[in-house]
Amino acid sequence: MLVIGLGNPLRGDDGVGIWIAEQIAAADWPDVMVLAIESGEPTQLIEAWAGAKRVYVVDALVAPLPPGRVLRFDLLRNPVPAHLATFSTHGLGLSEAVQLARILGALPSKLTLYGIVGQQFAYGVSLTPEVATAAQYVVARLRRLLRHAATPGQHRSPQ
Amino acid sequence: MASHEHQRTIRISALARVEGEGALFIRVRDGQPMDVRLQIYEPPRFFEALLRGRPHTDAPDITARICGICPVAYQMSACNALENLFGITIPQEIRQLRLLLYYAEWIQSHTLHVVMLHAPDFLGVDNVVQMAQTNRDLVQRALQLKKAGNQLLALIGGREIHPVNVRVGGFYSVPRPAELRKLRDPLQRGLETALALARWVARFPFPDFEPKYEFVALRHPTEYAILDGHVVSSYGVDLPVSRFEELVVEHQVPHSTALHYEIAGRGSYLTGPLARFNLNFSQLSPLAQEVARETGHVPPLQNPFRSIVVRCLEIIHALEQSLALIERYEPPARPWVDYEVRSGIGFGASEAPRGLLYHRYEVGADGSIRDARIVPPTAQNQKRIEDDLRLLAPSVIQLPKDRATRFCEHVIRNYDPCISCATHFLRLDIVDGDQ
């Protein structure tokens, strides 16, 4: 199992993916690789999940929904709806990485996004309380998924 | 785009496919460009102030954080400046390892820009995803090429992004020859890809546009300058790096958080691949020169749209040089050289993928930084980008909005601008009279 946290920890709720990745990496779960990626540059994502079977991506979402709402997407079946754009400070992002990987035949066999609706994306602010609570829920959820999983792998520290 | 009797305005509120955050504003009246503003609204990051009071040994690692695409450039310019101040002579083996690290950065940065960001402009598609539908094999191979660059960077630098292994005086540790030689195969395959890329992009349709540029780059006596050199320009300038600040004048503009640079008394200038190519062509690797001639790209090359070809030629050069360096690599006896701290001012520059990157540090007797000055390439090119857009504005303004937007973005991407690196000052609250 590979968990990829996306986002920019200097921009408030955009850092929620990184926060989750760091929690999981610190807990040192067996058979889980964790990567924290601050740029959403698609080639980096495609390289990151190359060869992985089950991949969970955690990222902040900008959406007209209450902050802290967690949305789950099976990225192999459904693209992220355009009105729920993942927040990226760069022009390219997760959605493009999935599309490109599909064309190149470089998708993992399972690719799930946990998107957490954020509220504040300003520089230097911390996670809003609702988002922090949601982040803990996502960590617990991934922990449960791991207990059911039997896929071997190796542990890698976040970058 | 609002249309009035004789006046049209183009506003691109968020530039796609450039690193960082910027916007563009153009106003034309009676066919004449009245106002062209490349707006950089990425917040300033105060790196120079952050360095003040910190130990000089922090400079390579702190400034590496300025950019996730070209951190090695920042590390090298910082080391050059401090080593210049302390009178450190870097042994040849360490210097060659630094070259190798820097080539790795050129390979990954240029490949990213050529294939993922710039090529789609020429093919009239929205992005690399659309491009991959008809060029699957080439995109696949380009990703492998970029990965080879990343692997080399990770091996020497300690990790791919924001490497941690560079220090004043050398490296913290050096790779074993066997580790480096493992990368020969991917780099050799990468060279085949780079050749294919160069021949592919050389056939793109290039707009007819050849402004008279003043090119500025470093020049080295024996190599295509990347790690160090002296400052030269196509107008005959030839200065040591310590006099760079006499050559250029900086000024702040209200519409951008990045400073603007000009050559004193002459105006905007261009730094980056096209400048290096025109000023130092004869020092490119044999294969890079051969492909340049084969595809009809030889100096003087004034068309900025053709910078995509030059980037490919520089990838070929970097790969050819890297393979040669790996072949004869012997680890240095010690990863770094010891030195005595002395107070004073040190100057350093190197050729980042996007152009000349200048650093100056004033260091106190205790080794702490008193003052720092960083001049990144995108800030230097910013006025030149606006001048290109000003020259093109009369024809751009005739296009329908979507095509005009796309074309302006294409012009900006010729420079591979790294806007987050160029961000500098707070945007002042000054009202522009014509706004």
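Residues numbered from 1 in each chain as written. Chains lettered and ligands numbered in written order. Predicted model: local features only at pLDDT ≥ 70, side-chain atom pairs only at ≥ 80, totals over all residues. Heavy atoms only, no water.

- Naming follows an unreviewed UniProt entry, where chain B appears as Ni/Fe hydrogenase subunit alpha of Thermomicrobium roseum.
- Checking UniProt for chain B, the heading Sequence similarities (unreviewed entry) contains the comment "Belongs to the [NiFe]/[NiFeSe] hydrogenase large subunit family." (UniProt positions renumbered as here; feature names shortened; annotations may be inferred.)

Side note on the UniProt feature "binding site: Mg(2+)" (unreviewed entry) in chain B
Residues and elements named next belong to chain B.
- This chain's UniProt record puts "binding site: Mg(2+)" (unreviewed entry) on Glu 48, Ile 374 and His 424.
- According to the relative accessible area criterion, Glu 48 is buried, its value standing at 14%.
- With respect to the helices and strands, the residue Ile 374 is situated in strand E15 (residues 369–375).
- Residue Ile 374 is classed as buried on the basis of its relative accessible area, which comes to 5%. (Buried < 20%, exposed > 50% of the residue type's maximum accessible area, 1.4 Å probe, protein only. Helix = DSSP H or I, 4+ residues; strand = E, 2+ residues; numbered from the N terminus.)

What to know about the domain arrangement of chain B
Residues and elements named next belong to chain B.
- Under the domain assignment, chain B is made up of domain 1 (2–43 + 401–432) and domain 2 (47–205 + 327–371).
- Contacts between the two partners involve 12 residues from domain 1, matched on the other side by 19 residues from domain 2.
- Of the roughly 1,300 Å² buried where domain 1 meets domain 2, counting both sides, 46% is carbon and sulfur surface.
- With a closest N to O distance of 2.6 Å, Asp 121 and Arg 413 form a salt bridge. (Domains from an automatic or database assignment. Contact = heavy atoms within 4.5 Å. Buried area = accessible area lost by both parts, 1.4 Å probe. Salt bridge = Lys/Arg side-chain N within 4 Å of Asp/Glu carboxyl O.)

Overview of the pattern of salt bridges
- The full count for this structure, using the stated rule, is 30 salt bridges over all chains.
- Ionic pairing is found between Asp 74 of chain A and Arg 77 of chain A, a salt bridge with its closest N-O pair at 3.8 Å.
- Residue Arg 390 of chain B pairs with Asp 387 of chain B through a salt bridge whose shortest N-O separation is 2.7 Å. Of this pair, Arg 390 of chain B and Asp 387 of chain B are both found in helix H13 (residues 377–396), 3 residues apart, which corresponds to roughly one turn of the helix.
- Several salt bridges converge on common partners, so that one network encompasses Glu 48, Arg 52, Glu 245, Glu 250, Arg 360, Asp 371 and Arg 373 of chain B.

Notes on the sheet that holds strand E13 (residues 344–352) of chain B
Residues and elements named next belong to chain B.
- The antiparallel open sheet is built from 3 strands, whose spatial order is E13-E14-E15. Edge positions in the sheet fall to E13 and E15, since each has one partner strand and no second. Taken over all neighbouring pairs, the strand axes of this sheet differ in orientation by 15° on average, direction set aside.
- Bridge analysis of strand E14 (residues 355–363) against E15 gives 6 bridges, and the strand direction is antiparallel. (Pairing = 2+ DSSP bridges. Axes fitted to C-alpha atoms, helices over the stretch in contact; angles between N-to-C directions.)

Section: the sheet that holds strand E9 (residues 238–239) of chain B
Residue and element names in this part refer to chain B.
- An order of E9-E8-E7-E12 is seen for the 4 strands of this open sheet, with the pairing classed as mixed. This sheet does not close on itself; its edge strands, each paired only once, are E9 and strand E12 (270–271).
- The sheet contact formed by strand E8 (residues 230–233) and E9 spans 2 bridges and is antiparallel. Along E9, the bridge assignment pairs Val 232 with Asp 238.
- Against the sheet, helix H10 (residues 273–280) touches strand E7 (215–219), E8 and E12, its axis set at about 65° to E7.

Section: the UniProt feature "binding site: Fe cation" (unreviewed entry) in chain B
Residues and elements named next belong to chain B.
- Under the local residue numbering, the UniProt record ascribes the feature "binding site: Fe cation" (unreviewed entry) to Cys 70 and Cys 421.
- By the secondary structure assignment, Cys 70 is in the loop between helix H2 (59–64) and helix H3 (71–86).
- Assessed through its relative accessible area of 4%, Cys 70 is described here as buried.
- Excluding anything up to four places from it in sequence, Cys 70 contacts Glu 105, Pro 353 and Arg 354.

Regarding the nonpolar core
- Ranked by size, the top nonpolar core spans 155 residues in total, and within it Ile 4 and Trp 49 of chain A together with Ile 316 and Tyr 361 of chain B carry the most contacts.
- Of all the elements, helix H4 (residues 92–123) of chain B adds the most residues to this core, at 17 residues.
- Of the domains in this structure, domain 1 (2–43 + 401–432) and domain 2 (47–205 + 327–371) of chain B are the two that each give at least three residues to this core.
- Leave out the neighbours within four places in its chain, and Ile 4 of chain A touches Leu 35, Ile 37, Leu 45, Ala 48, Trp 49, Val 55, Tyr 56, Val 57 and Val 58 of chain A.
- Counting 26 residues, the second-largest nonpolar core is a separate cluster that includes Ala 25, Ala 134, Val 138 and Leu 146 of chain A. (Core = buried A, V, L, I, M, F, W, Y, C linked by side-chain atoms within 4.5 Å.)

Section: the environment of Phe 347 of chain B
All names here are of chain B.
- The topology assignment puts Phe 347 in strand E13.
- A C-alpha to C-alpha distance of 36 Å links Phe 347 and Ala 178, two positions 169 residues apart in sequence.
- If we skip the residues at most four places from it in the chain, Phe 347 touches Asn 80, Ala 81, Asn 84, Val 241, Ser 242, Tyr 358, His 359 and Arg 360.

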